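The primary structure of each chain is shown beneath.
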Amino acid sequence: MEFWYTVKNVADIPTPALLIYPDRIEENLRRMIAIAGDPEKLRPHVKTHKMAEIITLSLKAGITRFKCSTIAEAEMVAARGGKDVMLAMQPVGPQLERFFRLQREFSGTCFSALADHEGVIGQLSATAVKYNMETGIWLDINNGMNRTGIIPGHAALHLYSRICDLPMVRPSGLHVYDGHIHDGNISDRKTTCEKDFQPVDLLIARLHKSGHPVPSIMAGGTPTFPIHALHGDRELSPGTCVLWDRGYEVNFPDLHFLQAAVLIMRVVSKPGGNLLCLDLGHKAISAEMPHPRIHLPGLPDCRFVSHNEEHLVIETPDADAWHPGDVLYGIPWHICPTVPRYPSALVVRDGKVTEEWAITARDRKITV
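Residues numbered from 1 in each chain as written. Predicted model: local features only at pLDDT ≥ 70, side-chain atom pairs only at ≥ 80, totals over all residues. Heavy atoms only, no water.

A closer look at the packing of aromatic side chains
Tallied over the full model, the rule gives ten aromatic pairs. Between Phe 100 and Tyr 131, the ring centres sit 5.6 Å apart and the planes meet at 20°, which makes this aromatic pair stacked. Here Phe 100 is found in helix α4 (residues 94-105), whereas its partner Tyr 131 is found in helix α5 (residues 118-131), with 31 residues between them in sequence. Pair check on accessibility: Phe 100 and Tyr 131 agree, each one buried. Aromatic side chains Trp 244 and Phe 257 sit 5.3 Å apart centroid to centroid with 55° between the ring planes, which places their arrangement in the tilted category. Of the two residues, Trp 244 sits in the loop between β8 (234-236) and α9 (246-251) while Phe 257 sits in the loop between α9 and β9 (261-272), which places them 13 residues apart along the sequence. Like Phe 257, Trp 244 is buried. Through a chain of ring-to-ring contacts, three or more aromatic side chains come together here, namely Phe 3, Trp 4, Tyr 5, Tyr 21 and Tyr 329. The positively charged end of Arg 24 is found above the aromatic ring belonging to Trp 4, 3.6 Å away from the centroid. Directly above the ring of Phe 197 sits Arg 234, whose terminal nitrogen or CZ lies 3.7 Å from the centroid. (Phe/Tyr/Trp six-rings, centres within 6.5 Å; stacked < 30°, edge-to-face > 60°. Helix = DSSP H or I, 4+ residues; strand = E, 2+ residues; numbered from the N terminus. Buried < 20%, exposed > 50% of the residue type's maximum accessible area, 1.4 Å probe, protein only. Lys NZ or Arg CZ within 6 Å of the ring centre and 35° of its normal.)

Details of the pairing of strand β10 (residues 275-278)
Bridging between β9 and β10 involves three bridges; their strand directions are antiparallel. Looking at the pairing, Ser 269 lines up with Cys 277 of β10. Between β9 and β10, which pair antiparallel in sequence order, lie two residues; one of them, Gly 273, sits at a positive phi of approximately 60°. Of the pairings in the sheet, the one linking β10 to strand β13 (residues 312-315) comprises four bridges and is antiparallel in character. When the sheet's bridge partners are listed, Leu 278 is paired in β13 with Leu 312. (Pairing = 2+ DSSP bridges.)

Things to note about the side chain of Ser 58
Mapped onto the elements, Ser 58 comes out in helix α2 (residues 52-60). By relative accessible area, Ser 58 is classed as buried at 4%. Looking at Ser 58, its side chain comes within polar contact range of the main-chain oxygen of Ile 54, at 2.8 Å. If near-sequence neighbours (up to four positions away) are discounted, Ser 58 is found in contact with Leu 29, Ile 63 and Phe 66. (Polar contact = N/O pair within 3.5 Å; in protein donor to acceptor, adjacent residues only side chain to side chain. Contact = heavy atoms within 4.5 Å.)

Examining the environment of Val 262
Within the element layout of this structure, Val 262 appears in strand β9. Taking the relative accessible area as the measure of exposure, Val 262 reaches 0% and is therefore buried. It is 46 Å that separates the C-alpha atoms of Val 262 and Asn 132, two residues lying 130 residues apart in sequence. Excluding residues within four positions of it along the chain, Val 262 makes contact with Trp 4, Tyr 5, Ala 17, Leu 18, Leu 19, Tyr 21, Tyr 329, Gly 330 and Ile 331.

Regarding helix α3 (residues 71-79)
Of all nine residues that make up α3, eight are buried, and the element is covered over most of its length. Along α3, the residues that are buried comprise Ile 71, Ala 72, Glu 73, Ala 74, Glu 75, Met 76, Val 77 and Ala 78. Each element contacted by the buried residues of α3 is listed here: α2, β2 (65-68), β3 (84-87), α4 and β4 (110-115). Positive backbone phi, at 100°, marks Gly 81, one or two positions downstream of α3.

Structural notes on the sheet that holds strand β6 (residues 169-176)
One open sheet holds the seven strands; their spatial order is β2-β3-β4-β5-β6-β7-β8, and the pairing between them is parallel. In the strand order of this sheet, the two ends are held by β2 and β8, each with one partner. Averaged over all pairs of adjacent strands, the angle between strand axes in this sheet comes to 30°, irrespective of strand direction. (Axes fitted to C-alpha atoms, helices over the stretch in contact; angles between N-to-C directions.)

Section: empty space enclosed by the protein
Within this structure, the stated rule accounts for one cavity of 30 Å³ or more. Roughly 40 Å³ of volume is contained in the largest cavity. Looking at the largest cavity, the residues that line it are Tyr 177, Asp 178, Gly 179, Ile 181, Gly 221, Pro 223 and Thr 224. Looking at the lining of the largest cavity residue by residue, the classes come out as three nonpolar, three polar and one charged. (1 Å grid on protein atoms, 1.4 Å probe; cavity = no way out; pocket = protein on both sides within 12 Å on 5 of 7 lines; lining within 4 Å. Points joined across faces, edges and corners; volume = space filled by probe spheres on them. Nonpolar A, V, L, I, M, F, W, Y, C, P; charged D, E, K, R; others polar.)

Below, the structure is given as structure tokens:
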């Protein structure tokens, strides 16, 4: 039986492998733009896919702004013609110099970075002076994620003032990532999102009262970006919805995106009873969370028995129907850390693998 993910020339594909479906990616981009209302309001996070070809598809759709976690991701975007690139990891150590070398290498791209510490803001200013290269800085705000950022309040106002006052840096605005909001019900998620944003609104009002410009507010990830889209003054930075995954499909049923990344694997052994051993080990799929780590549409009721570096053992009452060499398709539960398990993705068009796309920013360094 054929499904949307079925590959006709599967006999030629070594497993495990990552499959990418460009037509479904393009549809996800269209749905993102429809939610945002304007491609200029979007700044998708490229950490999900790390692929230069998806940057090209995004540019074709009218998206010109991007958010990155690494210097390599930023370089990939700039090399593909991205016009506005934001580094969403406070640059420290050697990353400071790399950030400015990147700007020198790609002078046609506008780069900015986030920061949440006065020392780093001072270093960014000093390095900008050294390179004679004015740079935008987003103040990173912690409104509940408790991972990075500064709590909105007097200290945040002080740091923003430093960005305004120091030489060769300019304020880009506030970066507010609320990845801690996981409410499955959209009404509950909206209530939590708006409540957690109230201190940010107060900070914005204080900044305006102090005469500080706030050019933009970058807010949300995939679960909350439709909520932030209701506010016309916010940039939206979803990431996962470009490829989608099983975890978001189950946990956020109100978000209607298409699965666009699939893992393909084979049965390699039948060790006994109702057991099947698949060639999808830790090295082939993100294993940072408990099972389920993969959804197997062909065996929806299977039980995950063990998971090792190269092997995944499952138990199913249908084991007798499967034999070594048989192919299974699976939807990753968490796609973002699964993609960089592979050096390249196999591109499926009209049911056939036609080419490969390199996971360009899989490595931490490309050239800069």
